[in-house]
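# Coordinate inspection notes
Here are the chains, one letter per residue:
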Amino acid sequence: MTSSLLLAAGSLAPASRGFLSPTGVEIVFVLVGLAVLGAALLTVTTKQLVHAALWLVVALGGLAVEFLLLTAEFVAWVQVLIYLGSVVVLVLFGLMLTKAPIGRSPDADSGNRWVALGVALATAATLVTLVVDAFRTSWIDLGSGGGSTAAVGASLFRYWVLPFEALSVLLLAALVGAVVISRNGKGGTAAPRAGKLRTPRPATRPATRPSTRPSTRQER
Amino acid sequence: MNLLDTLLRCVAVLVVFLVLPLVIGQTEHKVMAHMQGRLGPMYAGGFHGWAQLVADGVKFAQKEDVVPAGADRRVFQLAPAVALLPYLVVLLAVPVGPHGLVGQAVDAGIFFVLAVMGIGVLGSLMAGWASANKFSLLGGLRTAAQLMSYELPMLLAAASVAMAAGTASLTGIMDAFHWWWVPWQAIGAFVFFTAGLAELQRPPFDMPVADSEIIFGAYTEYTGIRFAFFLLSEYGGILVLCALTSVLFLGGWHGPLPDSLGWLWTLLKIFALAFVVIWARVTFPRLREDQLMRFAWTVLIPLALLQLALTGVIKVAISQ
C-alpha cells in the first residue's frame, strides 16, 4: 500500500463499526454483487450461445458498478471501455462468424463441466480465503478521490512502473504471437492486396494456360 | 449538490437530448435537399415543412410493431434501447459552459464518454444477430469490425488532448484550453472526427447499413417505434460526436463573447460540425469494406500516433 493511497483511503484501523448496521452504499454493493453473480451463473448455464455473451455484458457491467461504489472511478470506466466495449464485441463478432443459431444449441454442453465447476469453486475458495485473511476486520474509509485518475496514475507510474512495463512486454509478445499464428505458416503465398481495384480477367481465359492467348488484354 | 439540483440537471440533459437530435435531423433534410438542388419536405407544418420530423414520429408510433417469427424476441426488442441510451448518458458529462454548466462533472471524463459510446454498438450487434436475417447478420458483422478498427484511433486522438491538458476530465480540459491548441491538435481533431463518423456508421463510412448491398444492415427487420429509436440514436450520436469534438479540439465554450454566453458558442460549434457531418454524407461516395479497414489502420492510426508524439514533444518543450 503506497503512501498516497493510504492518505487518500484513510486509516486501516480495525473496525469501530459493526457489520450489522450497513450504510446505503453497502446494501447497494451487496445487491449489485448478487446481480453480478446471477448474471455470471446464467452466462455459463444458458443453452443459447449469444445469450451467454449478453449475460457476460451484464456481469461485467455490474462489476464496473461495483468499482464505482468503491470510488474507483477510473478503473470502472476502463472496465467498461475494455471489457464491454471491446472484449464482448470481439466475442460477439466471433460468435457471428461461426454458426450462432437463434434458440438452443444442444451441442454447446461440454463434458468437462464438472471439472470446470470444481476448478471454479477451488479458485473462488482460494481467492475469498486470501482476501478475508489479508484484511480481516480492517476498515478502509472510502474518502472521495482515492480512485481518481490522478491517484491511480501517480501510484501506477511512481510505485508500480516495473510490473506495468513487464505486463506491456507480455502483451507485446502476445501480439507478435498472434501475428505469427495468423500468417498461416507459409510466407510464400502472398495475400492479394486489399483496397485496389484489379482489372478483372476475362472469364473465358483458362488461368492455367496464359501463353495460348497472350494478347487477350490488349484486344479488349 | 442537493437532490433538486441533480434532478434539474438530469431533466435539462433529457430535454436537450430530445430536442437537438430532431433539430439536426430536420437540418439534414433541408441541407441535403438544397445541396442536391431540390426542396426537401415543404408541406408539414406550413413554413418550409418544419413539422416533417414530428409527422414522421407520429407515423412511426402508429405503425405496427412487428417482430419476425424466427427472431429472438427479447434481444430483438431490447436492442433499440441499448443503442439509444448510451448517447443520453454521454451527454450528461459534456460541459456546455463555464462555472459548472455541465450535467455531471466526471473525473475521468474522456474515458467515460468513449467507454459509454462504445456500448451503443452492442445495440446494433444485438439487432443484427436477433433478427434471424442474413442481411442483418452481415450488417452486425460489419458494425463490429468497424468498431474494432476505429475505436483505437479515436482513443489515441482523445489521449493526445488529455496529455496536452494534463487531465482526463472534460471540464478540466476546458479550463486549461488556449486558442493555440486548435492548430496544435488539428491532426488529432481530424482523426477523432473521422473515426467518430465511422463509429456512428455515417456516410462515407456506412458500410454496415449500405442499402444497395445489404438492405439496411442490422436494422432491416425493424419497423415502427423501434426503428425510430435507431434513427434517433444516429442523430443523437451526431450530437454527441459534434459536442465532444468541439469540447476536446475546438475550445467548447471559449470564444470572443463574455463567459456568460459560453453555451451559445458550444451550440454554434456543435451545429457547425453537424453541418459538416451532413455535408460529408452528400459529398463522398461510400467506401468499400476493405477500403474502410485500410483507411483506419494505414491512415488514421499513424496520424493519431504522430499527433501523440507531437503533443508530447511540445508539451515537454513548453514546460521547460
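Residues numbered from 1 in each chain as written. Chains lettered and ligands numbered in written order. Predicted model: local features only at pLDDT ≥ 70, side-chain atom pairs only at ≥ 80, totals over all residues.

On to the overall build of chain B. Within chain B one finds 12 helices and two strands. Shown N-terminal to C-terminal, the secondary structure of chain B runs as helices and strands in the order α-α-α-β-β-α-α-α-α-α-α-α-α-α. Based on the C-alpha atoms only, the size of chain B along its principal axes is roughly 65 × 45 × 45 Å. Partitioning the intrachain contacts of chain B with sequence separation of at least 6 by distance along the chain shows that 77% fall at a separation of at least 24. (Helix = DSSP H or I, 4+ residues; strand = E, 2+ residues; numbered from the N terminus. Contact = placed C-beta atoms within 7 Å.)

Looking now at the domain arrangement of chain A. Residue and element names in this part refer to chain A. Domain annotation for chain A reports domain 1 (10-146) and domain 2 (148-182). Between domain 1 and domain 2, the residue contacts involve five residues of the former and four residues of the latter. Residues of the side of domain 1 that touches domain 2, tallied by class, amount to two nonpolar, two polar and one charged. (Domains from an automatic or database assignment. Nonpolar A, V, L, I, M, F, W, Y, C, P; charged D, E, K, R; others polar.)

Glancing now at the environment of L261 of chain B. Residues and elements named next belong to chain B. Within the secondary structure, L261 is located in the loop between α10 (224-249) and α11 (262-283). Owing to 12 C-beta atoms within 10 Å, L261 belongs among the exposed residues under this scheme. When the C-alpha positions of L261 and P98 are compared, they lie 9.1 Å apart, and in sequence the two are 163 residues distant. (Buried ≥ 20, exposed ≤ 12 C-beta atoms within 10 Å, placed from the backbone.)

Our focus in this paragraph is the nonpolar core. Residues and elements named next belong to chain B. Of all hydrophobic cores here, the largest spans 121 residues; its most connected members are V94, F111, L114, A158 and F192. Element by element, the count of residues in this core is highest for helix α4 (residues 109-130), at 16 residues. In this view, V94 contacts V102, L170, A243, L244 and V247; residues no more than four positions away in its chain are not counted. (Core = buried A, V, L, I, M, F, W, Y, C linked by C-beta atoms within 7 Å.)

Moving on, we come to the packing of helix α4 (residues 73-97) of chain A against helix α5 (residues 134-165) of chain B. If you want to describe how two helices pack, look at the angle between their axes and the distance between the axes. At a closest axis distance of 10 Å, the pairing of α4 of chain A and α5 of chain B adopts a crossing angle of 145°. As for how α4 of chain A packs across α5 of chain B, the hand of that crossing is left-handed. The segment α4 of chain A lies against α5 of chain B, with G85, S86, V89, L90, L92, F93 and M96 of chain A engaging L137, G140, L141, A144, A145, L147, M148 and E151 of chain B. For the contact of α4 of chain A with α5 of chain B, the residue count by class is 11 nonpolar, three polar and one charged. (Axes fitted to C-alpha atoms, helices over the stretch in contact; angles between N-to-C directions. Left-handed = near helix turned anticlockwise from the far one by under 90°.)

Right, let's talk about unusual backbone geometry for a bit. The backbone of T71 of chain A shows a phi angle near 60°, a positive value even though the residue is not glycine. Following the sequence through the fold, T71 of chain A ends up in the loop between α3 (49-69) and α4. For A132 of chain B, which is not a glycine, the phi torsion comes out positive at approximately 55°.

Further remarks concern the environment of R136 of chain A. You can see R136 of chain A is positioned in the loop between α5 (113-135) and α6 (149-158). For R136 of chain A and A76 of chain A, which are 60 residues apart along the polypeptide, the C-alpha to C-alpha distance reads 25 Å.

Residue and element names in this part refer to chain B. One way to put it is that α5 packs onto helix α12 (residues 289-319) with a least axis distance of 8 Å and a crossing angle of 10°. When the axis of α5 is compared with that of α12, the two are roughly parallel. The class makeup of the residues in the contact of α5 with α12 is 17 nonpolar, six polar and three charged. (Parallel < 35°, antiparallel > 145°, perpendicular 65-115°, else oblique.)

Glancing now at the interface of chain B and chain A. Every contact between the two is made by 30 residues of chain B and, on the other side, 23 residues of chain A. Counting residues per element, the side of chain B that touches chain A draws most heavily on α4 of chain B, at 11 residues. Partitioned by chemical class, the residues of the side of chain B that touches chain A number 21 nonpolar, four polar and five charged.

For the rest of this paragraph, the subject is the confidence of the model for chain A. Residue and element names in this part refer to chain A. Of all residues in chain A, 69% have pLDDT values of 70 or greater, and the mean over the chain is 75. Note that residues 1-15 has pLDDT below 50 and, in this model, 29 contacts with residues that lie over four places away or in other chains. When the criterion is pLDDT under 50, residues 205-220 qualifies, and its contacts beyond four places in sequence or with other chains add up to three contacts. (pLDDT = per-residue confidence, 0-100.)

With that settled, consider α12 of chain B. Residues and elements named next belong to chain B. Spanning 31 residues, α12 covers 44 Å between terminal C-alpha atoms, matching the ideal 45 Å at 1.5 Å per step. Maximal helix bending in α12 amounts to about 30°, located at F295. Within α12 the residues assigned to the buried category are L292, F295, A296, L300, A304, Q307 and T311. As for α12, its buried residues are in contact with α5 and α8 (186-199). (Expected span 1.5 Å × (residues − 1). Bend = angle between axes of the 7 residues up to and from the residue.)

Bringing the environment of Q26 of chain B into the picture now. Residue and element names in this part refer to chain B. Among the secondary structure elements, Q26 is positioned in helix α1 (residues 3-35). Classification of Q26 as buried rests on a count of 21 C-beta atoms within 10 Å. Between the C-alpha atoms of Q26 and F284, which are 258 residues apart in sequence, the distance is 21 Å.

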